[in-house]
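Okay, here's what each chain looks like letter by letter:
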Amino acid sequence: MSSVVKDTHHDEHPSGIMRWITTTNHKDIGTLYLWFAMIMFFIGGLMALVIRSELFQPGLQFVDPQFFNSMTTMHALVMIFGVVMPAFTGLANWMIPIMIGGPDMALPRMNNWSFWIMPFAFSMLLSTLWMDGGAPAGGWTLYPPLSLQTGDAFPFLIFAIHFMGLSSIMGAINIVATILNMRAPGMTLMKMPLFVWTWLITAFLLIAVMPVLAGGVTMLLTDKFFGTSFFNAAGGGDPVMFQHIFWFFGHPEVYILILPSFGVVSAIIPTFARKPLFGYSSMVYATASIAFLSFIVWAHHMFTVGMPLAGEVFFMFATMLIAVPTGVKVFNWVTTMWKGAMTFETPMLFAIGFIVMFTIGGFSGLMLAITPADFQYHDTYFVVAHFHYVLVPGSIFAIMAACYFWLPKWTGNMYPETLGKIHFWLSTFFVNLTFFPMHFVGLAGMPRRIPDYSLQFADYNMIASIGAFGFGFAQLIFLYLIIKTIKGGSKATDQVWEGAEGLEWTLSSPPPYHSFSTPPVIK
Amino acid sequence: MIQYKEGEIKEFIIRPNNSLSWKGNKIFFFLLFFVSFIIAFSFAMVGMWLIVPFTGLEMILLGSALTYCYIKNSQCEVVKIDENKVSVALIKMRNKKVFNCNRYWAKFVLNKPRLSGYPHKLVLRSAGREMEIGALLTDEERIKLAKMLKKNVE
Amino acid sequence: MFLIKNLILFITLMANFSLANAGWLDLNMTEGVTDISQEVFGLHMLILWICVVIGVLVFGAMFWSILMHRKSKGVTPATFHESTSLEFLWTIVPFVILIGMAVPATKTLIKMYDHSDSEIHIKITGYQWLWQYEYLNTNVSFYSKLSTPYDEIYNKSTKNVNYLQEVDKELIVPVNKKIRFLLTSNDVLHAWWVPDLALKKDAIPGYINEMSVVINEPGIYRGRCAELCGRHHGFMPIVIKAVEEKEYEEWLANAEKAKTSDVAKINK
């Protein structure tokens, strides 16, 4: 409403690249986020393939151990902050205003900024690969004192993290303001789709913990450059305190990465089971309990730092408790499918794949919660298998399911179903081929983040590497399929899926491009 | 939200739907405020005080975002149509701007979006000048409003 | 489906490679050679089987539903979407199961934290990238680092069977005696881990962590650094040799003597 009265001519939206740079439209920004995540997915994936190539056989073949460590570090940072979080923010941007019947996001201009910070943050982070002393190689957890041994890359790493944090905070605040204030009349909180609910809770977590990360990494920076001793034992500081800070952020962060996928799956399963979601309110409460518990379990990442017995016991119990609300969710999904009339289009396949493999990751999570056993699992490939099971066939599969589910709505075109199914089956096969053997090598005693290993781990590492390459190439199908669907395809109806319910399906699937060409004649 | 009053003078009150009261916004803000500062001060107590300023900055951002959003959602447009005049009042907090034009020159135009799937734009056009109406409505509401307004100025 | 596919693949691969290659059979956690490591193994198997049973039930119900309740079978979808008793049931039952797992776990944990009555005290210090062992109350102390030749690492010669898990000087300890390890670091974080002893703890600069163990069987046990510690994190193994008490006493006496004569030489 800035210019109330202005001269007659059409409101010319900039076109071409300027359209994307200046856009405040939630759909455009959602698209930007999703494409950004896609690009980062392939960059992070390439890093994973460097790791898996080196680990194909024992011995050092391709890269220097320092560069190997950089790869594990950067792979994690890129995949977490550059893929899963932006992808979910993109989905939120696209779907939340539509799902709650609002006109746009609450703060459109801030929405634009929060996206455009990301490319800068990641250019900065990726530029460290060419710096003296190499890219950060101390692990994405940035534990001091090792992370303080980073070379020139260090300040770039810290500021990149600051920018990513700023971007996600602005995104989260925007989403919170939208969900709270922009709902259509009659859209009460307990009528909101679960995707909106899970994002509300996710945004709450983000706002609560992001300052902790920002403060933590800033203290690393002052320790390195300004002579403070927050974490420097020689100066009276406490290196373990950083781990507490990091995981106080890090554990809620883990749920930030998974809660929106619960929302996505809760939208897809009822659609293709043609049956309402079982236990809507218990799903909401379960999500809220998971969020609450996420604040009191952080030290289960640190069982081996030598906490007092009482601490170990407390964090073990609290961690085990998470299994209860998570279990409720899985049971609800299975019961939603029970006695439905199911069909198995690609989104449904990905959602079912999500439930099965996320549950496997949940089981290994429960095993990791048992402190005495965790002493054997901690920092081994068992942990790697665990969190990849919840992140790849968990979060990533949910994002893919969401893409297939809403792509017809976004583009107005149906995607090629057979190709989608091929993509699903290849991804599922290779993801298991990659990560399931990691349980075995982990239990057999292989630590994480090592560039070379002794001979008894050779066989399963080889299999995992084959799987990783297969999974990587299978994703090219996804890329091709999305581009193809955007360019054309059979037209989608408004409702798209037979069993679809919710506000987004009452809107038209985009009408053909039409510009307003004839200026109206004033009477 | 569109409220329509029939009568001698036809009146359309257009406002976005404010789905949470100011009080509700405050409760939400203070909930996050307390959670965040409890966390920040707990860390400060063990010497990690650098988290506090970040929490402070973030709370300023959150507070201003919610306030801005509330103010934006509180504005409203009143379109009055009588026999020979169309007037549009923009009310933003205590600010009121009125735009008048002759009914015979007035025309409501619903611009279709340049790109598929994007919102329509409703403008009042008169004597070579135009202004946007209903920018804060959802697209369906805007289309409905356009139909109602067009019917009334014919 | 994918599980079956995986299984088929594993079977074919297993058939192609030789089963004699030990790697294929290294599927599970080691039982180890201490009472506690066996308890840990028991806990691991207990929770694994609990997970397997729950998994079979949940996935069973799900696959039954996938097979039977599909649209192509012409079923009409049911409309139920709530049941407080069911929700209550599947909140309480897992909770009870969890308590059943927490109790034995806590018992084991308490035993692990009991360092009393230790007879031998060894201080371990982590360096980038080697370990230092000091036998407290004696003058014996030495460094222990990787002894695998670079040629093997860079694939210029064949890798021996203990590739990357051999050191120049092993840590020698007696069996059937309680040993207390004190763990610290001189630079960055490390973690001292020997799977057979179920011992893993971080070595942290400025901290001294404790752990204790009674080894039941003589033998050579191999472990690794388990906390990322920089470029050669993958190259700082641990080898611990457990011997009969008499042999240990002899070794220690010799080591002390050698050390004393070394010191004497230097002092001359």
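**Re the sheet that holds strand E3 (residues 141–144) of chain C**
Residues and elements named next belong to chain C. On the basis of which strands lie adjacent, the open sheet formed by five strands has the order E3-E2-E1-E5-E8 and mixed pairing. Each edge of the open sheet carries a strand with a single partner, namely E3 and strand E8 (209–214). Going from strand to strand, the sheet's axes swing by 25° on average, the running direction of each strand aside.

**Here's the deal with the interface of chain A and chain C**
Each partner contributes residues to the interface: chain A has 105 residues there, and chain C has 94 residues. For the pair chain A and chain C, the interface holds two salt bridges. Among the salt bridges present, the one from Arg231 of chain C reaches Asp64 of chain A, with a minimum N-O distance of 2.3 Å. Scanning the region where chain A abuts chain C turns up 28 residue pairs in polar contact (both at pLDDT 80 or more). At ten residues, helix H14 (residues 417–444) of chain A tops the list of elements feeding residues into the side of chain A that touches chain C.

**What to know about the pattern of salt bridges**
This model, assessed by the stated rule, comprises 15 salt bridges over all chains. Among the ionic pairs, Arg448 of chain A bridges to Asp379 of chain A, the shortest N-O distance being 3.4 Å. Taken together, the positions of Arg448 of chain A in the loop between H14 and helix H15 (458–487) and Asp379 of chain A in the loop between helix H12 (371–377) and helix H13 (381–411) put the pair 69 residues apart, joining distant regions of the chain. Neither residue differs from the other here; Arg448 of chain A and Asp379 of chain A are each classed as buried. Among the salt bridges present, the one from Lys121 of chain B reaches Glu132 of chain B, with a minimum N-O distance of 4.0 Å. Separated by eleven residues along the polypeptide, Lys121 of chain B in strand E7 (residues 121–126) and Glu132 of chain B in strand E8 (residues 129–133) bring together distant segments of the chain. With relative accessibility at 13%, the residue Lys121 of chain B sits in the buried group. Overlapping salt bridges bring together Arg274 and Glu498 of chain A together with Lys71 of chain C as one network.

**Focus on the domain arrangement of chain C**
Residues and elements named next belong to chain C. By domain assignment, chain C separates into domain 1 (28–72 + 90–114) and domain 2 (120–267). Relative placement of domain 1 and domain 2: their C-alpha centres are 34 Å apart. Across the boundary between the two partners, domain 1 contributes ten residues, which contact 13 residues of domain 2. For the pair domain 1 and domain 2, the two sides together bury roughly 840 Å², of which 48% comes from carbon and sulfur. Among the residues of domain 1 in contact with domain 2, Thr30, Val33 and Thr34 are the three that bury the most area, contributing 55% of the side total. Joining domain 1 to domain 2, the criterion identifies zero salt bridges. Taken together, domain 1 and domain 2 are joined by six residue pairs in polar contact (both at pLDDT 80 or more). Considering every element that reaches the side of domain 1 that touches domain 2, the biggest residue donor is helix H2 (residues 35–68), with three residues. Split into classes, the residues belonging to the side of domain 1 that touches domain 2 amount to four nonpolar, four polar and two charged.

**Concerning the pairing of strand E6 (residues 190–194) of chain C**
Along any regular strand the residues' side chains alternate between the sheet's two faces. Residues and elements named next belong to chain C. For E6, the tally of buried residues reaches five of five residues, placing the bulk of the element in the interior. With burial as the criterion, each face of E6 is covered, one bearing His190, Trp192 and Val194 and the other bearing Ala191 and Trp193. Where E6 meets strand E7 (residues 199–203), five bridges bridge the pair, whose relative direction is antiparallel. Paired with His190 across the strands is Ala203, a residue of E7. Bridge count for E6 against strand E9 (residues 219–225) is two bridges, and the pairing is antiparallel. If you follow Trp192 over to E9, its bridge partner there is Cys225.

**Overview of the packing of helix H3 (residues 65–100) of chain A against H13 of chain A**
Residues and elements named next belong to chain A. It is the contact of H3 with H13, at a shortest axis distance of 11 Å, that shows an interaxial angle of 35°. In this structure, H3 crosses over H13, and the sense of that crossing is left-handed. Note on element contacts: H13 touches H3 through His388, Ser395, Ile396, Ile399, Ala402, Trp406 and Trp410, opposite His75, Val83, Val84, Ala87, Phe88, Leu91, Trp94, Met95 and Met99. Class assignment of the residues belonging to the contact of H3 with H13 gives a composition of 13 nonpolar, three polar and no charged.

**Brief notes about unusual backbone geometry**
Across the junction of Pro144 of chain A and Pro145 of chain A, the peptide omega takes the value 0°, indicating a cis bond. Positionally, Pro145 of chain A belongs in the loop between helix H4 (108–127) and helix H5 (153–181). The residue after Gln128 of chain C, namely Trp129 of chain C, is reached through a cis peptide bond having omega 0°. By secondary structure assignment, the location of Trp129 of chain C is in the loop between strand E1 (120–127) and strand E2 (130–135). Even without being a glycine, Val496 of chain A presents a positive backbone phi close to 60°. Mapped onto the secondary structure, Val496 of chain A falls in the segment after H15.

The rules behind the values
- Residues numbered from 1 in each chain as written.
- Chains lettered and ligands numbered in written order.
- Predicted model: local features only at pLDDT ≥ 70, side-chain atom pairs only at ≥ 80, totals over all residues.
- Heavy atoms only, no water.
- Pairing = 2+ DSSP bridges.
- Helix = DSSP H or I, 4+ residues; strand = E, 2+ residues; numbered from the N terminus.
- Axes fitted to C-alpha atoms, helices over the stretch in contact; angles between N-to-C directions.
- Contact = heavy atoms within 4.5 Å.
- Salt bridge = Lys/Arg side-chain N within 4 Å of Asp/Glu carboxyl O.
- Polar contact = N/O pair within 3.5 Å; in protein donor to acceptor, adjacent residues only side chain to side chain.
- Buried < 20%, exposed > 50% of the residue type's maximum accessible area, 1.4 Å probe, protein only.
- Domains from an automatic or database assignment.
- Buried area = accessible area lost by both parts, 1.4 Å probe.
- Nonpolar A, V, L, I, M, F, W, Y, C, P; charged D, E, K, R; others polar.
- Left-handed = near helix turned anticlockwise from the far one by under 90°.

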